[in-house]
Amino acid sequence: LVWGHTQEIRLELDGDHDIAGSETELHSALFNLVGNAVRYTPADKSILVRWSCDTNGQGILTVTDQGIGIALEHIPRLTERFYRVDRSRSRETGGTGLGLAIVKHVLERHEAELKIDSTPGAGSSFRMVLPAHRVRSRASQLAALVHQD
């Protein structure tokens, strides 16, 4: 129950990996993305949080909602400090307009990027794309330990 609403939040994990970086900062980035999804998704809709790796070994953490969506002209400015698509909604939904700026800053510090796709009335998808050298398979880490003996 968040802000008086309930949404189904599904988690899909494709593989078992560690990310080299600041756990606190990466947690903050994910918290901001999930918080926005909850804030802008109606109670009867769902949110998907998915971890996967692409064929190049990049880690991709995606938060997809079925919320109100964002018009294309706003997407380039979403990560600006204090930018709001609809300033009148700030009283209804809370927030400071800093969340996506924080996400962008955290990802830059981790040599990563934020990719945003959205359709008004259908929802949004926010992808944190982490470089392959920051993604480590736990299975390969275990294998390396075994070969050291």
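Now for a look at the structure at hand. (Residues numbered from 1 in each chain as written. Predicted model: local features only at pLDDT ≥ 70, side-chain atom pairs only at ≥ 80, totals over all residues. Heavy atoms only, no water.)

Side note on helix α3 (residues 99-109)
Residues of α3 that are buried: G99, L100, A101, V103, V106 and L107. Those residues of α3 hidden inside the fold are in contact with α1 (23-40), β5 (113-119) and β6 (123-130). After α3 finishes, the residue E111 shows a positive phi value of roughly 60°. (Buried < 20%, exposed > 50% of the residue type's maximum accessible area, 1.4 Å probe, protein only. Helix = DSSP H or I, 4+ residues; strand = E, 2+ residues; numbered from the N terminus. Contact = heavy atoms within 4.5 Å.)

Remarks on the nonpolar core
Core analysis: the biggest nonpolar cluster contains 25 residues, and L33, V63, L100, V103, L114, F126 and M128 have the highest contact counts within it. Every element with two or more residues in this core is listed here: α1, β3 (46-53), β4 (59-65), α3, β5 and β6. Top element by residues in this core is α1. It accounts for six residues. (Core = buried A, V, L, I, M, F, W, Y, C linked by side-chain atoms within 4.5 Å.)

Structural notes on the layout of surface pockets
What the second largest pocket holds in volume is close to 540 Å³. Residue lining of the second largest pocket: 18 residues in total, with H17, I19, L30, W51 and L61 positioned closest to the centre. At the level of secondary structure, the elements contributing two or more residues to the lining of the second largest pocket comprise β1 (8-13), β2 (17-19), α1, β3 and β6. Tallying contributions element by element places α1 first for the lining of the second largest pocket, with four residues. Grouping the amino acids of the lining of the second largest pocket by side-chain chemistry returns 10 nonpolar, five polar and three charged. (1 Å grid on protein atoms, 1.4 Å probe; cavity = no way out; pocket = protein on both sides within 12 Å on 5 of 7 lines; lining within 4 Å. Points joined across faces, edges and corners; volume = space filled by probe spheres on them. Nonpolar A, V, L, I, M, F, W, Y, C, P; charged D, E, K, R; others polar.)

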